[in-house]
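Reading the structure
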Number of protein chains: 2
Amino acid sequence: MHAVQAAPTPLSVAGLCKCLGDESRLSLLCLMGVDREVCVCDLVAALDAPQSTISRHLAQLRQCGLVVARRQATWMHYRVNDALPEWALTTIETLVNEAREQLGLQPLQGQCC
Amino acid sequence: MHAVQAAPTPLSVAGLCKCLGDESRLSLLCLMGVDREVCVCDLVAALDAPQSTISRHLAQLRQCGLVVARRQATWMHYRVNDALPEWALTTIETLVNEAREQLGLQPLQGQCC
DNA sequence: TTCCTATATTCGTATATCCGGATTTATGGA
DNA sequence: TCCATAAATCCGGATATACGAATATAGGAA
């Protein structure tokens, strides 16, 4: 009887907003959409920013619990965490929809891997 | 034919989230609710923090366009700006409702003035 | 093993943000 | 006019956050 995984701190409203309050992270969410899994290499290609910057922002989104990652060989696939509480999911959906228009970013079609 | 008021920059998603990503500002919105007008002195009393801190956060909420202020004699009354776009109003409502439970803050009843 | 590619992390630096005391501004009353 | 109160703004300092180059790690293939 032991924890398989560290108990994640429950998501705070301020924590969610801090995460969404950065244009790079918002862009990443726009590119992955709420129901799609995307590869990091596609994100790096789409957002011309250095790879380390993208990776750092993805790590922050992961730490907040907003996205989950899955490894497939050397590639990492990210998607929005659908186990988030209702209030967080609906907020993300609303804001990502609006941000897509503001930033002109459409969800990626799975391409690289 | 001249502008009566400076054209406000349209609210960006990241801008809204930055504003909501601070616990003090979130608390202020929880105390005023989405339909109530409250006096600064009540806000200062409710959130024990120095008056300058409260005033600074209110100014930021005003600059973002999230709240509007009305002067009545020496007192200032703040309320959520109901002219915000749909996506912003529904987001604020959802997040303020959740933050109220997380922070244990109920909307104020108009008391001081 | 060694090499190659994808991703993550480290590190130093630059910038942004938050804080609270002190001061200023605005208003009403004496 | 002068005074008192409410709120806004200024200021210096502390802390947090973002950045990108360099490096480390992980996995697959040869």
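Details of the structure are given in the entry above.
The structure presented is a predicted model; accordingly, all values stated were derived computationally and were not measured.

Facing 19 residues of chain A, the contacting portion of chain B comprises 19 residues. Counting each side, the surface lost to burial between chain A and chain B is near 1,500 Å², with a carbon and sulfur contribution of 70%. Area buried by chain A at its contact with chain B is led by V13, C17 and L95 of chain A, which between them contribute 32% of it. Across the chain A-chain B interface, the total number found is 8 residue pairs in polar contact (both at pLDDT 80 or more).

Residue and element names in this part refer to chain B. If you walk across this open sheet you meet the 3 strands as β1-β3-β2, and the pairing is antiparallel. The sheet terminates laterally at β1 (38-39) and β2 (67-72), the two strands that pair on one side only. With 6 bridges connecting them, β2 and strand β3 (residues 75-80) associate as antiparallel partners. Residue pairing across strands places A69 opposite Y78, the latter belonging to β3. Of the strands in this sheet, β1, β2 and β3 are in contact with helix α2 (residues 23-32), which crosses β3 at around 90°.

Conventions used here
- Residues numbered from 1 in each chain as written.
- Chains lettered and ligands numbered in written order.
- Predicted model: local features only at pLDDT ≥ 70, side-chain atom pairs only at ≥ 80, totals over all residues.
- Heavy atoms only, no water.
- Contact = heavy atoms within 4.5 Å.
- Buried area = accessible area lost by both parts, 1.4 Å probe.
- Polar contact = N/O pair within 3.5 Å; in protein donor to acceptor, adjacent residues only side chain to side chain.
- Pairing = 2+ DSSP bridges.
- Helix = DSSP H or I, 4+ residues; strand = E, 2+ residues; numbered from the N terminus.
- Axes fitted to C-alpha atoms, helices over the stretch in contact; angles between N-to-C directions.

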